[in-house]
Amino acid sequence: MVSKVTKPVNNIPLHSQALLLLVLSVLSALVPHTGYLPLWIYLMVCLVLGWRWLVFRGYLSFPGRLAKILTVALATAGVYSLSGGQISLEGSSAFLISAGMLKLLELSNRRDGVFVVFIAVFIQATGFLFQQGILYSLHGVLTLVLATAAMISTQAATPHGNDRRVPVFAVSGRLLLLALPFMLIVYFLFPRIGPLWSVALQSDKAMTGLSERIRPGGITELSQSSEVAFRVTFDGERPAQNQLYWRAMTFDRHDGTGWEASTLDGIELPINPEAVARSYEYEVIQEPTGQRYLFSLAGSVSTEPDVTLTTTRLLRYDRPLYQRMRYRVASAGGSQVGPAYGADRYASQGSYLGLPDEVNPQTRLWAMTLPQEAGDFQRAFVNYIRREPFFYTLQPPSYNGDDIDQFLFSGRRGFCEHYASAMSFAARAAGIPARVVAGYQGGEWHPDGYLTVRQYDAHAWVELWDGNAWIRVDPTAAIAPDRIEYGVQRALLEEDSFLADNPLSLHRYRDVSWINKLRQQMDNVNYLWSRWVLSYDSDRQQGLLSRWLGLEQLADGLYVLAGAIAGLFVFGSVWQWWLQRSPRQSPLIRALRGLSEEAGRKGLLIEAGTAPVTLLDDIKTAYPDLTPQCERCRQGVIESLYAPEEPGSASSADHIKTLIGNLKRLRRAVRRSRPIAETPTARNV
Amino acid sequence: MSVVNKALATLGEVILGKEPQLKLAVCCMLAEGHLLVEDLPGMGKTTLSHALAKVFGLGYSRIQFTSDLLPADILGVSVFEKIPETAAKNAGKSGFRFHRGPIFAQVVLADEVNRATAKSQSALLEAMEERQVTVEGRTRPLPEPFFVIATQNPTTQAGTFPLPESQLDRFLMRISLGYPDQRAERELLEGISRRVIVDSLESVIQPDVLAALQQQVRDVKASAAVLDYVQRILAFSRNESAFHYGISPRGGLALLKAAKAWAVVEGRNFLIPEDVQAVMTAVIDHRIQPGASRKIMETVAALA
């Protein structure tokens, strides 16, 4: 009986289960992308799914060539308008997503199904460029289960649907579980290479963070976001809440409407700083910002590679931060930023005093009347804003033209950037070198002992030069002490403008204790996730390798990785072979098989499925001189295998032993014989 | 020369050059199974069945199946018979009397069985399975032994109603004769009419000898090794994707029975795998759906 193995057929139509699973897995893969996708993509998803459904019900046919070209052109144009012609990550992935959606439109047979599975998995993978929280990661597992189930269902297709009743989810779960060791090996051992190239990853809005310019409203925008900016774990002592000024950037040039980031932030401190008092040592896990600034308290040093200390005493990374980064810092803390060196020192006499001409004349005049010593000036300025009816508000009136004049003398309503900007301006007008510093202030302590700083903790303050050192001065503290002690939400309690754009944000409901608890729990899980899983980088990998495997080189790690993967595959194949191996053959069968192979080598035509008796007859025909031996074996085979046992005959075990001996002797005899050219005459049937 | 071999030799005088098929046909009789002969018109199907009946010395009747054949034409019908009062012996015996149809014979030749409609086919096929017929509420047993030898034209021919799988299953074997080789054909052309030869055939196997042979078949010993072999074949036919569906348990029993008959013809009282191989094609071929038709079905489904 000859079997012909049918080849897998690719044009088998998909059945409803496979279709449903495919569509579900693609939709599930879209979830991490929802943050930035434009509305028309959702519209397109609905249209495509509607069309496909109508096709499934038989009301419509698959789109023709013209319709396909048209939809592709429309989608391309839509993506182009989204990214404005620039290659950006969102643009590219929106293009991928729209293309993947259009593929659903012509999803009809098995080949398309396999293709769509790949698309779903790829879309899900690109989603990790945007979202890496634990919930999104768990959701990624869900998508994988769906996509694998869709693949299995697609492959199980017969013309009548999933005829074989394959339990797709069970099989898919089992497959993924089997892949788990492989995943762990790759996770722990695959070299953590830095990005090989960087695309302009995110458009301005997508990554929230400080911008290169302090302008009215910039920080106000940040305060609407509850995204995490960074998290800090202190080793020992924690600073007081009102000392948590996280410096990120300085701004030293006023161009008439706002403050520009200092070029000195890019210059490395020319000398080693004097021994910094290591009052606080901590570890920061910073979310990607797309920029190079890092966060630290005043008077900081860091020994991380690629992190430099600038003349403005800030920590900078040597390339933009497109991935989550963790780094250790030691800081003195306090309000003294420290003495100035190099360019910063010269600037303290020159450019830190510069103001554009003819801007804010009233402020300049007023500043002339203020003391010219830093401490006195601070007191005088603070007294002014305390005396006059100033307000701390997220909804300031809009100031145009001489904005600081308007703010100080008529509007009197503003957010931290207004106060900081006005104070620096006034200080410079009074002849005191000053700069605006932007960063974050405060943060929320988690019961487990780490500090979470969110975008709405963004803050701006002032640093004044007192002749020897830069001193931190925060005018906002004077007008809204609650902002500094308890955070922005408390400070804006009466105004109710905190996160006004996000009515559903859990951060708005801190006063409801169970919601707060829930929020903190989620926060904690995400913190642990990013601390232990996401921030596993090359250093920690190196540490792990040297600790567990005693390897010092990354290359060694690669060998281990290759070895581990190879080992996994060898193990898998051996296991597979073990499962599928044919049951152990009896010595008799092996002797017969050996004889058959020997005869085959001599040129005897042995058909598949030739039974022993026929085999022996064929050998007898081919080698008449072996007739007695063949007959003896034939008799033995029949007696031991087929014939009814006769009472009184030798036990069958003895029979078989004799037979095996005879078969082996016959095999040796065949081996000694000459090869045969012709096959015996064809047998009947 | 055993009685079986003598019968084979006699048959070989009528059907020339078809020893393997004749041996299978005889096996089928020994295994108490019905035989289906499928071939083109004029290949000797009818002659074979006629010769078989003669050689086994059995009563023989023939039904020519046509598209207007009715079940009553096969089974028989009750006719009202009026006996005159004057006939003293049979006074008052007027009434319906059952006239037995041609099915009441030891060997029934159902010629061109697939030319009849499904209704008539099933009348025959029911009788084959039950070995009795029920007409007008009365069950009448069929004679012993009872063989149906059906012939059919290939289903590709015009005007045929193919037998459904469930009914094909009732035939133990399906064989086809095929064209004779050159030497046999020459002999056929030179010799006298086959019909004359058939008419002059003598019965070789008496009914009591046949019953004894059938008992021998039942007594053939199938060792564990052979049963393993049969089971492997059955499992293969069910698991392999090359077949649309595998061999049924009834098919497995049929295979074993036929193989046992072959062993008896070979003069053995035990089975060897070669017996199974010898009858395999004839027994299995009409019971499985090959992958080819499955492929066709897939293509059709893809077109739909």
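So, how was this worked out
Residues numbered from 1 in each chain as written. Chains lettered and ligands numbered in written order. Predicted model: local features only at pLDDT ≥ 70, side-chain atom pairs only at ≥ 80, totals over all residues. Heavy atoms only, no water. Helix = DSSP H or I, 4+ residues; strand = E, 2+ residues; numbered from the N terminus. Buried < 20%, exposed > 50% of the residue type's maximum accessible area, 1.4 Å probe, protein only. Core = buried A, V, L, I, M, F, W, Y, C linked by side-chain atoms within 4.5 Å. Contact = heavy atoms within 4.5 Å. Pairing = 2+ DSSP bridges. Axes fitted to C-alpha atoms, helices over the stretch in contact; angles between N-to-C directions. Phe/Tyr/Trp six-rings, centres within 6.5 Å; stacked < 30°, edge-to-face > 60°. Lys NZ or Arg CZ within 6 Å of the ring centre and 35° of its normal. Parallel < 35°, antiparallel > 145°, perpendicular 65-115°, else oblique. 1 Å grid on protein atoms, 1.4 Å probe; cavity = no way out; pocket = protein on both sides within 12 Å on 5 of 7 lines; lining within 4 Å. Points joined across faces, edges and corners; volume = space filled by probe spheres on them. Salt bridge = Lys/Arg side-chain N within 4 Å of Asp/Glu carboxyl O. Expected span 1.5 Å × (residues − 1). Patch = residues over 30% accessible without salt bridge, like charges linked within 9 Å, V, L, I, M, F, W, Y side chains within 5 Å. Areas by Shrake-Rupley, 256 points an atom, 1.4 Å probe, with all protein chains shown as cover. Disulfide = S-S within 2.5 Å. Left-handed = near helix turned anticlockwise from the far one by under 90°. Nonpolar A, V, L, I, M, F, W, Y, C, P; charged D, E, K, R; others polar.

1. Considerations on the overall build of chain A
Helix and strand counts for chain A come out as 23 helices and 17 strands. The burial tally for chain A puts 47% of its 685 residues in the buried class.

2. Some thoughts on the nonpolar core
B:Leu30, B:Leu52, B:Phe56 and B:Met173 are the most contacted members of the largest nonpolar core, which totals 97 residues. Tallying contributions element by element places helix H11 (residues 249-265) of chain B first for this core, with ten residues. The residues touching B:Leu52, leaving out its near neighbours within four places in the chain, are B:Leu11, B:Ala25, B:Val26, B:Met29, B:Leu35 and B:Ile149. Counting 80 residues, the second largest nonpolar core, distinct from the first, contains A:Leu315, A:Ala426, A:Ile432 and A:Ala480.

3. Re the sheet that holds strand E9 (residues 171-175) of chain B
Residues and elements named next belong to chain B. Reading across the sheet, the five strands line up as E2-E5-E8-E1-E9 and stay open at both edges, with parallel pairing between neighbours. At either margin of the open sheet sits one strand with a lone partner, and together these are strand E2 (60-64) and E9. Neighbour to neighbour, the strand axes of the sheet diverge by 20° on average, direction disregarded. Bridge count for E2 against strand E5 (residues 107-111) is five bridges, and the pairing is parallel. Each residue of the ladder has a partner; that of tyrosine 60, found in E5, is valine 107. Across the sheet, helix H2 (residues 19-30) touches strand E1 (34-38), strand E8 (147-152) and E9, and the angle it forms with E9 is around 170°.

4. A few points about the packing of aromatic side chains
In the structure shown here, the tally under the stated rule is 31 aromatic pairs over all chains. With 5.6 Å between their ring centres and 80° between their planes, A:Phe230 and A:Tyr440 make a pair best called edge-to-face. Within this pair, whereas A:Phe230 is found in strand E2 (residues 228-234), its partner A:Tyr440 is found in strand E13 (residues 434-441), the two being separated by 210 residues in sequence. In this structure, A:Phe230 and A:Tyr440 share a single accessibility class: buried. Put simply, the rings of A:Phe230, A:Phe234, A:Trp246, A:Tyr280, A:Tyr282, A:Tyr293, A:Phe295, A:Tyr440 and A:Trp445 touch in pairs and so form one group of aromatic residues. A:Arg238 extends its terminal NZ or CZ atom over the ring of A:Trp445, reaching a point 4.1 Å from the ring centre. Taking NZ or CZ as reference, B:Arg268 lies 5.8 Å from the ring centre of B:Phe270, over its face.

5. Topic: the pairing of strand E17 (residues 469-473) of chain A
Regular strands place their side chains on alternate faces of the sheet. Residue and element names in this part refer to chain A. Buried residues dominate E17, accounting for five of its five residues. Burial along E17 is two-sided: the face carrying Ala469, Ile471 and Val473 and the face carrying Trp470 and Arg472 are both buried. The pairing of strand E10 (residues 336-339) with E17 spans three bridges and is classified as antiparallel. Paired with glycine 338 across the bridge in E17 is tryptophan 470. In this antiparallel pair of consecutive strands, strand E16 (residues 458-465) and E17, the connection spans three residues, and glycine 467 shows a positive phi of 105°.

6. Points about the packing of helix H12 (residues 403-411) of chain A against helix H13 (residues 416-429) of chain A
All names here are of chain A. Following both chains from N to C, one finds H12 and H13 inclined at 105°, their axes separated by 10 Å at the closest point. For the element pair H12 / H13, the angle class is roughly perpendicular. For the pair H12 and H13, contact is made by Ile404, Phe407 and Leu408 and by His418, Tyr419, Ser421, Ala422 and Phe425, respectively.

7. Description of empty space enclosed by the protein
Residue and element names in this part refer to chain B. Using the criterion set out here, one finds two cavities of 30 Å³ or more in the structure. In this structure, the second largest cavity spans a volume of roughly 50 Å³. In terms of lining residues, the second largest cavity is bounded by Thr46, Thr47, His50, Arg194, Arg195 and Val198. Counting only elements with at least two residues in the lining of the second largest cavity, the list comes to helix H3 (45-55) and helix H8 (194-199).

8. Observations concerning the pattern of salt bridges
Residue and element names in this part refer to chain A. Inspection of every chain in the model, using the stated rule, returns 33 salt bridges over all chains. For the salt bridge of glutamate 598 with arginine 667, the shortest nitrogen-to-oxygen distance reads 3.6 Å. Residue glutamate 598 is found in helix H20 (residues 587-601), and its partner arginine 667 is found in helix H23 (residues 652-672); the two are separated by 69 residues along the sequence. For arginine 667, a relative accessible area of 25% corresponds to the partly exposed category. Several salt bridges share partner residues, and in doing so they unite Lys68, Lys103, Glu106, Arg111 and Asp112 into one network.

9. Description of helix H18 (residues 538-549) of chain A
Here H18(A) contains twelve residues, and its C-alpha end-to-end distance of 15 Å stays within 8% of the 16 Å for a straight helix at 1.5 Å per residue. Phi for A:Gly550, located one or two positions after H18(A), is positive at around 70°.

10. Re a nonpolar patch on the surface
Residue and element names in this part refer to chain A. A grouping of Leu175, Leu178, Val570, Phe571, Val574, Trp575, Trp577, Trp578 and Leu579 is seen on the molecular surface, where their side chains present a nonpolar patch of about 1,000 Å² in accessible area. Those elements giving two or more residues to the nonpolar patch turn out to be helix H7 (168-189) and helix H19 (554-580). Sort the elements by how many residues they give to the nonpolar patch and H19 lands first, with seven residues. Of note, valine 570 is situated in helix H19.

11. Some details on the state of the cysteines
Residues and elements named next belong to chain B. Going through the model one piece at a time under the given rule, you end up with zero disulfides over all chains. Unpaired in this structure, cysteine 28 has its nearest cysteine sulfur neighbour in cysteine 27, at a distance of 8.4 Å. The exposure class assigned to cysteine 28 is buried, which follows from its relative accessible area of 1%.

12. Side note on the side chain of A:Ser424
Residues and elements named next belong to chain A. Position of serine 424 relative to the elements: it lies in helix H13. On the basis of relative accessibility, which here comes to 0%, the residue serine 424 falls in the buried class. Non-local contacts of serine 424, meaning those with residues more than four positions away in its chain, are made with Trp259, Ala434, Arg435, Val436 and Val462.

13. Description of the sheet that holds strand E15 (residues 450-454) of chain A
All names here are of chain A. Pairing within the open sheet is antiparallel, and its six strands lie in the order E6-E9-E5-E2-E15-E14. Edge positions in the sheet fall to strand E6 (300-301) and strand E14 (444-445), since each of these pairs with one other strand and no more. As judged from the five bridges shared by E2 and E15, these two strands associate in the antiparallel manner. What sits directly across from threonine 233, in E15, is tyrosine 450.

14. Here we look at the packing of helix H1 (residues 3-14) of chain B against H2(B)
Residues and elements named next belong to chain B. Two elements in contact, H1 and H2, have axes whose closest approach is 10 Å; the angle formed by their N-to-C orientations is 130°. Considering the angle they form, H1 stands oblique to H2. Two packed elements cross with a definite hand, and for H1 against H2 that hand is right-handed. Residues Val4, Leu8, Leu11 and Gly12 of H1 pack against Leu22, Lys23 and Val26 of H2. Tallied by class, residues from the contact of H1 with H2 come to five nonpolar, one polar and one charged.

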